[in-house]
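# What the coordinates show
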Amino acid sequence: MSIKVLLLEDDLLFGESIMDVLEEEEFEVVLCRNGQEALDETYKNHFDLYLLDINVPLIDGLSLLKELRRANDTTPTIYLTSHQEIETLSKAFEIGADDYLKKPFNNDELIVRLHALLRRTKGKERFCVGDLCLDDVHKCILKEGKEIPFSLKEYQLMALFIRNAGEIVTKEMIMDTLWNPSEMISDGAIRVYINRLKQEIGSELIVNIRGVGYRLVS
């Protein structure tokens, strides 16, 4: 299975050159020219790695990662940036970045750092609660070792529950995880996804906390 990379870079020529380097290493790459496009892609697809520039249109790279981390997206992230300021780089790590490379950089160094980051995060690839496991590498949910055929949003919601097993997952947390902040979402839409999860894992495992949210029994 190929590694899927989201590359955020507004310089088309530079972005395409990075794509060529990564594709030679057999990575699958999606190139986005602005932060909003990148955010939309994260709602539609599972990625194994984010490569983000900082100064990009619409949503800058720092704000993008902050939004993703707020939605419990733990995808490994490397910044590719021309920034030299310690304050900016420190903020990137505070938000949740794993590494950075200053432009211009050597393509071989990019590949080395990319593989090193994937190796470091490999040990964090699976979270289990009873018979349920979240596989962060292959972006799937397993029950008794067998993959559950979830849609993207169903996977994201189940991952949210597993990461917060035993704790209350509020409706606000669910909305932040499954939908773009600009979308208007009803309680009924949330219940549709909750009922789908219950069908697959057992209704007794997800408890309704009236007026607040839900809890996965740990």
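Quick caveat, the model's predicted, so the values are computed rather than measured.

## Let's talk about the sheet that holds strand E3 (residues 49-52)
In space, the five strands of this open sheet follow the order E2-E1-E3-E4-E5, with parallel pairing throughout. Pairing within the sheet leaves two strands with one partner each, and these edge strands are strand E2 (28-32) and strand E5 (99-102). Each neighbouring strand pair of the sheet contributes to a mean axis angle of 20°, computed without reference to strand direction. With four bridges joining them, strand E1 (residues 4-8) and E3 adopt parallel strand pairing. Bridging from a neighbouring strand, Leu-6 pairs with Tyr-50 of E3. Lying over the sheet, helix H1 (residues 12-24) contacts E1, E2 and E3, oriented at roughly 170° with respect to E2.

## Let's talk about the side chain of Thr-75
Here Thr-75 is to be found in the loop between helix H3 (61-70) and strand E4 (77-81). With relative accessibility at 4%, the residue Thr-75 sits in the buried group. The contacts of Thr-75, once residues within four sequence positions are left out, are Phe-47, Asp-48, Leu-49, Tyr-50, Arg-69, Asp-98 and Lys-139.

## As for the pattern of salt bridges
Pairing is possible between side chains that carry opposite charge, provided their charged atoms lie close to one another. Under the criterion given, the structure shown has twelve salt bridges. Two residues, Glu-41 and Lys-44, come together in a salt bridge whose shortest N-O distance is 3.6 Å. One end of the pair is Glu-41 and the other is Lys-44, both in helix H2 (residues 35-44) and three residues apart, which spans about a single turn. Judged by relative accessible area, Lys-44 falls into the exposed class, the value being 55%. Two residues, Arg-70 and Glu-67, come together in a salt bridge whose shortest N-O distance is 3.0 Å. With Arg-70 and Glu-67 both in helix H3, this residue pair falls three residues apart, about one helical turn. In this structure Arg-70 comes out as partly exposed when scored by relative accessible area, which is 46%.

## Re the pairing of strand E12 (residues 213-216)
Relative to E12, strand E10 (residues 168-170) is paired through three bridges, and the arrangement is antiparallel. If you follow Val-169 over to E12, its bridge partner there is Tyr-214. The pairing of strand E11 (residues 206-209) with E12 spans four bridges and is classified as antiparallel. Counted as the bridge partner of Asn-208 is Tyr-214 from E12.

## As for the nonpolar core
Residues Met-158, Phe-161, Ile-174 and Leu-216 are the most contacted members of the largest nonpolar core, which totals 24 residues. At seven residues, the largest contribution of residues to this core is made by helix H6 (residues 152-163). When near neighbours in sequence (up to four residues on either side) are disregarded, Ile-174 contacts Leu-157, Leu-160, Val-169, Trp-179, Ile-190, Ile-194 and Tyr-214. Core analysis: the second largest hydrophobic core is formed by 21 residues, Leu-39, Leu-62, Leu-65 and Leu-68 among them.

## Notes on H6
Taking 1.5 Å as the rise per residue, H6 with twelve residues should run 16 Å; its terminal C-alpha atoms sit 16 Å apart, in good agreement. With ten of twelve residues buried, H6 is to be regarded as a mostly interior element. Looking only at H6, the buried set comprises Leu-152, Glu-154, Tyr-155, Gln-156, Leu-157, Met-158, Ala-159, Leu-160, Phe-161 and Ile-162.

Parameters and conventions
- Residues numbered from 1 in each chain as written.
- Predicted model: local features only at pLDDT ≥ 70, side-chain atom pairs only at ≥ 80, totals over all residues.
- Heavy atoms only, no water.
- Pairing = 2+ DSSP bridges.
- Helix = DSSP H or I, 4+ residues; strand = E, 2+ residues; numbered from the N terminus.
- Axes fitted to C-alpha atoms, helices over the stretch in contact; angles between N-to-C directions.
- Contact = heavy atoms within 4.5 Å.
- Buried < 20%, exposed > 50% of the residue type's maximum accessible area, 1.4 Å probe, protein only.
- Salt bridge = Lys/Arg side-chain N within 4 Å of Asp/Glu carboxyl O.
- Core = buried A, V, L, I, M, F, W, Y, C linked by side-chain atoms within 4.5 Å.
- Expected span 1.5 Å × (residues − 1).

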